[in-house]
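# Structural description and commentary
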Amino acid sequence: MSRTPISVRKAVIPAAGLGTRFLPATKATPKEMLPVVDKPAIQYVVEEAAAAGLSDVLMVTGRGKRALEDHFDRNGELEELLARKGDLGRLDLVRESSDLAAVHYVRQGTPQGLGHAVLCAANHVGDEPFAVLLGDDLIDPREPLLQRMVEVREEYGGSVIALLEVSPEEIQRYGCAAVRATGEADVLRVTGLVEKPEPALAPSRFAVIGRYLLDPAVFEVLAKTGPGRGGEIQLTDALQTLVEQPALGGPVHAVVFTGRRYDTGDRGEYLRAVVRLACERADLGPEFRSWLRSYTAGEMPH
């Protein structure tokens, strides 16, 4: 008899990267703290986890990431100042980040790849299923991707990844999945995974994006996984082991994502994300869209 899947309540956010593509801005500021409109990128990710019912968040950090801890902590002096001034709107905004979830931290030490970062979460997660959310992938707040992944895991067990169909030229930037159909249009059974394949060797056009729901069996697999592509411990390689040996931790399924996603790890995509989200804000959008139309039409004064 199959056991009922345990509810997912913990999320792991790897945040030890140096953000070299955004230098010099990230020389002293963690890339996760770069603002997307008026909130740091990492806050969108924690909000996504909280919206899906994941109330326990572990950030895997490194040196120079203290600003992350400060952002999700209370700031009594600032709160008192805003309260004295009667600025309740900004007071709520300041408190919002510290009220989202119980946020914990562990240091990765020497970065050895995404798989190693996930392995650093083993003691905190224990024998529970958990989510991994990559901070460079911002999923639009209106997209219930994580909730859908939780539903799929409850139905099928095992692990669930998120896939996005990309062009053949783009697939070499991602992990790529070989898949077969299930009875649901947005759910696929994963039959193989390969990290950043050459387009001619890719098993499909389905790219793995930065959302995972993982069975805790992945920790034992990662502990035995040697360095792969780039000399790093790849989460993709561990998932491939689970695909090949479902008795270890159940099958691997995928949710096909077709919604709005922003890759804030790329400078151009980061800027486009800021513009898109600003345009859609009720408080900023109307005036900003009007300015943007004038600017792109070349009507702005020099």
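Below or above, wherever it landed, is the structure these notes cover.

### Here's the deal with the side chain of Thr225
Looking at the element boundaries, Thr225 is found in the loop between α8 (217-223) and α9 (235-244). Separated by 2.7 Å, the side chain of Thr225 and the backbone oxygen of Val221 make a polar contact. When neighbours within four sequence positions are excluded, Thr225 is seen to be in contact with Ile233, Gln234, Asp237 and Ala238.

### Examining the pattern of salt bridges
Pairing between side chains becomes possible if they bear opposite charge and their charged atoms approach one another. Inspection of the entire model under this criterion finds 25 salt bridges. With a closest N to O distance of 3.5 Å, Lys10 and Glu128 form a salt bridge. Taken together, the residues Lys10 in strand β1 (residues 10-14) and Glu128 in the loop between α6 (122-125) and β6 (130-133) connect sequence positions 118 residues apart. On the accessibility criterion, Lys10 (8% relative accessible area) is buried. In this structure, Glu151 engages Arg148 in a salt bridge whose closest nitrogen and oxygen atoms are separated by 3.2 Å. Taken together, the residues span about one helical turn, with Glu151 and Arg148 both in helix α7 (residues 145-156) at a distance of three residues.

### Examining the packing of aromatic side chains
Under the criterion given, the structure shown has four aromatic pairs. Measuring from ring centre to ring centre gives 4.9 Å for Phe130 and Phe219, while their planes differ by 5 degrees; the resulting arrangement is stacked. Taken together, the residues span a long stretch of sequence, with Phe130 in strand β6 and Phe219 in helix α8 at a distance of 89 residues. Overall, the relative accessible area of 0% leaves Phe130 in the buried class. Residue class for Phe219 comes out buried when judged on its relative accessible area of 8%. A connected cluster of aromatic rings, assembled from ring pairs, spans Phe288, Trp291 and Tyr295. Between the NZ or CZ atom of Lys39 and the centre of the ring of Tyr44, over which it lies, the distance is 4.6 Å.

What counts as what
- Residues numbered from 1 in each chain as written.
- Predicted model: local features only at pLDDT ≥ 70, side-chain atom pairs only at ≥ 80, totals over all residues.
- Heavy atoms only, no water.
- Helix = DSSP H or I, 4+ residues; strand = E, 2+ residues; numbered from the N terminus.
- Polar contact = N/O pair within 3.5 Å; in protein donor to acceptor, adjacent residues only side chain to side chain.
- Contact = heavy atoms within 4.5 Å.
- Salt bridge = Lys/Arg side-chain N within 4 Å of Asp/Glu carboxyl O.
- Buried < 20%, exposed > 50% of the residue type's maximum accessible area, 1.4 Å probe, protein only.
- Phe/Tyr/Trp six-rings, centres within 6.5 Å; stacked < 30°, edge-to-face > 60°.
- Lys NZ or Arg CZ within 6 Å of the ring centre and 35° of its normal.

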